Amino acid sequence: MFKQKILLKLQFCTGIFLAVSLSIILLFPPPALSQKAVVLNMLMTAPDAQPWQQGIIKDFEAKNPGIRINLIEGPNATNLLEDLYTSAFILGDSPYDLVNMDVIWSSKFASAGWLLDLSDKLTKEELAAFSSKDIEAGRYEAKLFRIPIRSDLGVLYYRKDLLNQAGFQPPETFADLLKISKSLKEQGKIKWGYLWQGRQYEGLAAMFVEVLQGFGGFWVNPDTLEVGLDKPETLKAIAFLKDTIQEGISPSGTTTYMEEDTRRIFQNGQAAFLRSWPYVWPLANAEDSAIKDQIGIKLMVATSGNNGGTCLGGWGLGIAKSSQHPQEAWKAIRYFTSEEVQRQFILQAGFVPSRRSLFTDPEIISKYPHYSQLLKISDSAVLRPPIAQYAQVSDILQRYLSAALTNSMTPASAMQAAANETRRLLRTGK
Ligand code: GLC
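Keep in mind that this is a model prediction, so the values were computed, not measured. (Residues numbered from 1 in each chain as written. Predicted model: local features only at pLDDT ≥ 70, side-chain atom pairs only at ≥ 80, totals over all residues. Heavy atoms only, no water.)

Undergrad: Describe the overall build of the protein chain, with residues and values.
TA: Secondary structure assignment for the protein chain yields 19 helices and twelve strands. For the protein chain, the spread of C-alpha atoms along the three principal axes comes to 100 × 55 × 45 Å. Out of the 430 residues belonging to the protein chain, those deemed buried represent 53%. Intrachain contacts of the protein chain at a sequence separation of at least 6 include 73% that bridge at least 24 residues. Just so you have it, the protein chain exposes about 19,600 Å², and 54% of that area is on carbon and sulfur atoms. For the protein chain, the distance from the average site of its 45 positive side-chain charges to the average site of its 43 negative ones is 4 Å. (Helix = DSSP H or I, 4+ residues; strand = E, 2+ residues; numbered from the N terminus. Buried < 20%, exposed > 50% of the residue type's maximum accessible area, 1.4 Å probe, protein only. Contact = heavy atoms within 4.5 Å. Areas by Shrake-Rupley, 256 points an atom, 1.4 Å probe, with all protein chains shown as cover. Lys, Arg positive; Asp, Glu negative; His and termini not counted. Charge placed at Lys NZ, Arg CZ, Asp CG, Glu CD.)

This is the structure we're talking about:
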């Protein structure tokens, strides 16, 4: 009897509790029910995704509870990522709102009409805070389509410890690089001299423009559309790269390597020199790295009389024209490209800032003292030709350069064919 009474009372209380809760929910719905969060989709290479996920996306979502960023990890090679964006836009039903663009894509994406015009979004003063080359790379026909989130510069890494022990200064010329590498190898100090990216992909073109510049050559002049691939300088640049493999200074697997393959070998302490991007620095100096505190960076070497070159890389954000959420997408771009968030992003990932003030920011310099040198290196930036047909022009170079490096064509016939094909393409515009 007593038990029954208690049970009745409990049921009554539970009923009241449920009724009260239900009316509270109906009267004051929680944000999740009253308003579904807007989801912004964005695709990027897997190595880039990590620093985004670890910090700035979480912070953005915490400050903007109505917006979620859905980051999709794509392949490591930038040209494969570009293919994914391109096919999504061509098919017409692109799921992407934010477009995370390599420095070489903007003209193509903008000329195809896939991006929103962002020209009126930032004032002249706001734009002036970014490196001008990074901003220029986002313009097409005087309109702005991409706001830089980070820049990039190809650099030459060297092992300070090995060079000091053997009494060498860092190399200035291609000949120095070969000589030091050979000597260190002969003394049994190191397995490999020089590591570079030789696979047939966009990274091959980025690496090649630096060597080409060092030999005084050029690829395509963006103003006149003149093509320099069949000039003697280009053949000298290829001869240097082939020599590194033939002389055992670079591994025979080089023609299959992308950035991450070369970084792993360098970070394991197996090579004296590496051509790569600044993202390598924090990883090579991490606690678990075999070369922690042993590396220096410098501008790529050149032949005497020529200036070394650094390939301008980098990434920036645009908004897909097909996005249903352009306002939220702009809110995200504003946040990610702000000075404060860029500082946090750069500190975490060691990327090259696209805001000039961050190169000399005290907090950044104390963590990354090499940034003052990076700023100097940035003066020698070489652009891959900023033209709307860049993807096709690069594909031609990648195919024929790879054929020359893997001995399936002679360098001279490969470059003659590459030059002819590029000229034909640029003439017809197709
Ligand atoms: C880096 C650069 C990018 C370049 C790519 C090549 O991601 O930032 O501009 O195209 O490497 O692999």
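Undergrad: How would you summarise empty space enclosed by the protein if you had to cite specific residues and measurements?
TA: By the definition in use, this model includes one cavity of 30 Å³ or more. Considering only enclosed or pocket space, the largest cavity measures out at about 120 Å³ in volume. Partitioning the lining of the largest cavity into residue classes produces nine nonpolar, two polar and one charged. Residue assignment places the lining of the largest cavity across two domains, with domain 1 (36-151 + 313-370) and domain 2 (153-311 + 385-429) each supplying three or more. (1 Å grid on protein atoms, 1.4 Å probe; cavity = no way out; pocket = protein on both sides within 12 Å on 5 of 7 lines; lining within 4 Å. Points joined across faces, edges and corners; volume = space filled by probe spheres on them. Nonpolar A, V, L, I, M, F, W, Y, C, P; charged D, E, K, R; others polar. Domains from an automatic or database assignment.)

Undergrad: Explain unusual backbone geometry to me, using residue names and the numbers behind them.
TA: Phi is positive for Leu 225, close to 65°, though the residue is something other than glycine. When you line up the elements, Leu 225 lands in the loop between helix H10 (202-214) and helix H11 (232-246). Of note, the phi angle at Asn 407 is positive, near 65°, even though the residue is not glycine.

Undergrad: Got a sec to walk through H11? Specific residues and values, please.
TA: For H11, with 15 residues, the first-to-last C-alpha span of 20 Å sits near the 21 Å given by 1.5 Å per residue. Listing the buried residues of H11 in full gives Thr 234, Ala 237, Ile 238, Phe 240, Leu 241, Lys 242, Thr 244 and Ile 245. Looking at the packing, one finds that the buried side of H11 touches helix H9 (174-186), strand S8 (192-195), H10, helix H18 (390-405) and helix H19 (411-428). Just downstream of H11, Gly 248 is the residue with a positive phi angle, here 70°. (Expected span 1.5 Å × (residues − 1).)

Undergrad: Before we move on, could you go through the site of the ligand and cite the residues and values that matter?
TA: The environment of the ligand is formed by 13 residues, the closest being Asp 102, Asp 152, Glu 259, Gly 314 and Arg 384. Between the ligand and Asp 152 there is a distance of 2.6 Å, counted from an oxygen atom to a side-chain nitrogen or oxygen. Within the contact set of the ligand, an oxygen atom lies 3.3 Å away from a side-chain nitrogen or oxygen of Trp 277. Protein chains bury 92% of the 310 Å² of accessible surface belonging to the ligand in isolation. Taken atom by atom, the bulk of the ligand overlaps the largest pocket. The set of elements that each furnish at least two residues to the shell around the ligand consists of H10 and strand S11 (310-319). At three residues, the largest contribution of residues to the shell around the ligand is made by S11. In the shell around the ligand, the residues fall into four nonpolar, four polar and five charged. Counting contributing residues, the shell around the ligand receives three or more from each of domain 1 (36-151 + 313-370) and domain 2 (153-311 + 385-429). (Near = heavy atom within 4 Å. Polar contact = N/O pair within 3.5 Å; in protein donor to acceptor, adjacent residues only side chain to side chain. Sits in = over half its atoms within 2 Å of the grid points.)

Undergrad: I'd like a rundown of the side chain of Arg 275, residues and numbers included.
TA: By the element assignment, Arg 275 lies in strand S9 (residues 271-276). Overall, the relative accessible area of 0% leaves Arg 275 in the buried class. At 2.9 Å, the side chain of Arg 275 and the side chain of Glu 210 are in polar contact. When sequence neighbours within four positions are dropped, the list of residues in contact with Arg 275 reads Gly 154, Val 155, Leu 156, Tyr 194, Leu 195, Gln 197, Ala 206, Met 207, Glu 210, Met 300 and Cys 311.

Undergrad: Give me the pattern of salt bridges: which residues, what numbers.
TA: Side chains carrying opposite charge are able to pair once their charged atoms draw close together. Under the counting rule described, the total for this entry stands at 21 salt bridges. The partner of Arg 343 in a salt bridge is Asp 361, with the nearest N and O atoms 2.9 Å apart. Linking Arg 343 in helix H15 (residues 339-349) with Asp 361 in the loop between H15 and helix H16 (362-367), this pair joins segments that are 18 residues apart in sequence. We note a salt bridge from Glu 421 to Arg 399, for which the minimum N-O separation is 3.0 Å. Of this pair, Glu 421 sits in helix H19 while Arg 399 sits in helix H18, and the two are 22 residues apart along the sequence. Linked by salt bridges that have partners in common, Glu 339, Glu 340, Arg 343 and Asp 361 make up one network. (Salt bridge = Lys/Arg side-chain N within 4 Å of Asp/Glu carboxyl O.)

Function cannot be inferred from these measures alone, as they are strictly geometric.
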